[in-house]
Amino acid sequence: MKKIFIGTNWKMHKTIKEGQEYCRELNRIARDKDERMQLFIIPPYTSLTTLRDELDSSILLGAQNMHWEDEGPFTGEISPSMLKEIGVDLVELGHSERRQYYNENDIDLNKKVHAALGKEMIPLLCIGEKLEDKEMSISEESLSIQLKICLKNISSSQAKNVLIAYEPVWAIGAGGTEAPADYVHKMHDHIRKVLVELFGDIGQDIKILFGGSVNRGNAIDYLKGSNVNGLFIGRSAWDLEKFEPILNDIEQFLQLN
Ligand code: 13P
C-alpha cells in the first residue's frame, strides 16, 4: 500500500488551547479517511507535549526545527533528545523561512538530518529554489545542490526514512505565487532523479511532498504528478473548515486511483 503524506506546518500560529481544539476535530475527520492518507501536523514547540496526548496515534506529530547536538550551551535551541522525550515523530528541517530569517544552511541541515535519524525521528527536509534561481533557469541545479549537501553521508537504508518537501521559495506564504502544476511535476521528477542517483533503488521510494500556496483549487492537480507523494500545506490547512474539503477531495482522488 503506497501512502501519501498530507500535513500542515502551523508556523508561529495557534495557542495550546487552539491547537487542542484543532486536534480534536482533526482526529474526528481522520477516523474515516483512507488509510493511504498519512496525516501529520507541525505545531509550535510550546504545544507539542499537550498535543501529543490530544492527537490520535494515526496522525504524526512534528516539530518545526531542532539543533543537532543533544545538549550544550545553545541558548534558545531544542535538542533531538528533548523532542524524542515528548514523543515527536517527525522534524521539519530547513524551511525557507528558517533559511531566510535565521541563516539555516545546507551544511548545518545535514547535521540535523543525521541527528533526527539517529533518534529515529523522520526528517522532513525542505528544499526549494529562490525566485532568482528560477529566473536564471538554475532551479534544478539549486535543488541538486541542496539535496546533495543536506543528505551527505546518509546511507540508503537511512534514506528510506527521510521525507522531502519541495517548496519553491517564491510560492510560499501570503506574498507567494501559485506554482503551475506542470512546473511542479517537472521539479519533482528532477528531485526523484537526484535521489536515485544518491541512493539507487531506495531513491524511488523516498516520499517527495509539495508545498507552497496549496489550496483546494490546485491540490489534486499537484497530486497527479507521478513523483508527487504528498502535500505540505500552510494557510489552507490552519482552519479545518478549509482543510476538510481538501482532505475529502484527496480521499476521492485516492479512491479513483
Ligand atoms: P502556504 O501553504 O501558506 O504557502 O505555506 C506553505 C509552507 O510554508 C509549508 O511549510
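Residues numbered from 1 in each chain as written. Predicted model: local features only at pLDDT ≥ 70, side-chain atom pairs only at ≥ 80, totals over all residues. Heavy atoms only, no water.

A. Expanded view of the side chain of His188. Among the secondary structure elements, His188 is positioned in helix H9 (residues 181–199). Judged by relative accessible area, which is 0%, His188 ranks as buried. From its side chain, His188 meets the backbone oxygen of Asn227 in a polar contact 3.0 Å long. The residues touching His188, leaving out its near neighbours within four places in the chain, are Tyr166, Ile208, Leu209, Phe210, Asn227 and Val228. (Helix = DSSP H or I, 4+ residues; strand = E, 2+ residues; numbered from the N terminus. Buried < 20%, exposed > 50% of the residue type's maximum accessible area, 1.4 Å probe, protein only. Polar contact = N/O pair within 3.5 Å; in protein donor to acceptor, adjacent residues only side chain to side chain. Contact = heavy atoms within 4.5 Å.)

B. Region of the structure containing the site of the ligand. Around the ligand, the neighbouring residues are Asn9, Lys11, His95, Glu167, Ile172, Gly173, Gly212, Ser213, Phe232, Gly234 and Arg235. The contact in question runs from an oxygen atom of the ligand to an N or O atom on the backbone of Gly234, over 2.9 Å. In the complex, the protein chains occlude 100% of the 310 Å² of accessible area that the ligand would expose alone. Considered class by class, the residues forming the shell around the ligand number two nonpolar, six polar and three charged. (Near = heavy atom within 4 Å. Areas by Shrake-Rupley, 256 points an atom, 1.4 Å probe, with all protein chains shown as cover. Nonpolar A, V, L, I, M, F, W, Y, C, P; charged D, E, K, R; others polar.)

C. Summary view of helix H5 (residues 106–118). Taking 1.5 Å of rise per residue, the 13 residues of H5 would be expected to cover 18 Å, and the 18 Å separating its terminal C-alpha atoms lies within 8% of that figure. In this structure, the buried residues of H5 make contact with helix H3 (80–86), strand E4 (90–93), helix H4 (96–102), strand E5 (122–127), helix H7 (139–150) and helix H8 (156–159). For H5, the side-chain oxygen to backbone nitrogen distance between the N-cap and Ile107 is 3.0 Å, and the N-cap itself is Asn105. Within two residues after H5, Glu120 carries a phi angle of roughly 55°, on the positive side. (Expected span 1.5 Å × (residues − 1).)

D. How the structure looks around the pattern of salt bridges. For the coordinates displayed, the defined rule picks out 17 salt bridges. Between Arg24 and Glu54 there is a salt bridge, with its nearest N and O atoms 3.1 Å apart. Here Glu54 lies in helix H2 (residues 48–54) and Arg24 lies in helix H1 (residues 16–31), a separation of 30 residues in the sequence. For Asp108, the salt bridge goes to Lys111, with nearest N and O atoms at 3.3 Å. One end of the pair is Asp108 and the other is Lys111, both in helix H5 and three residues apart, which spans about a single turn. (Salt bridge = Lys/Arg side-chain N within 4 Å of Asp/Glu carboxyl O.)

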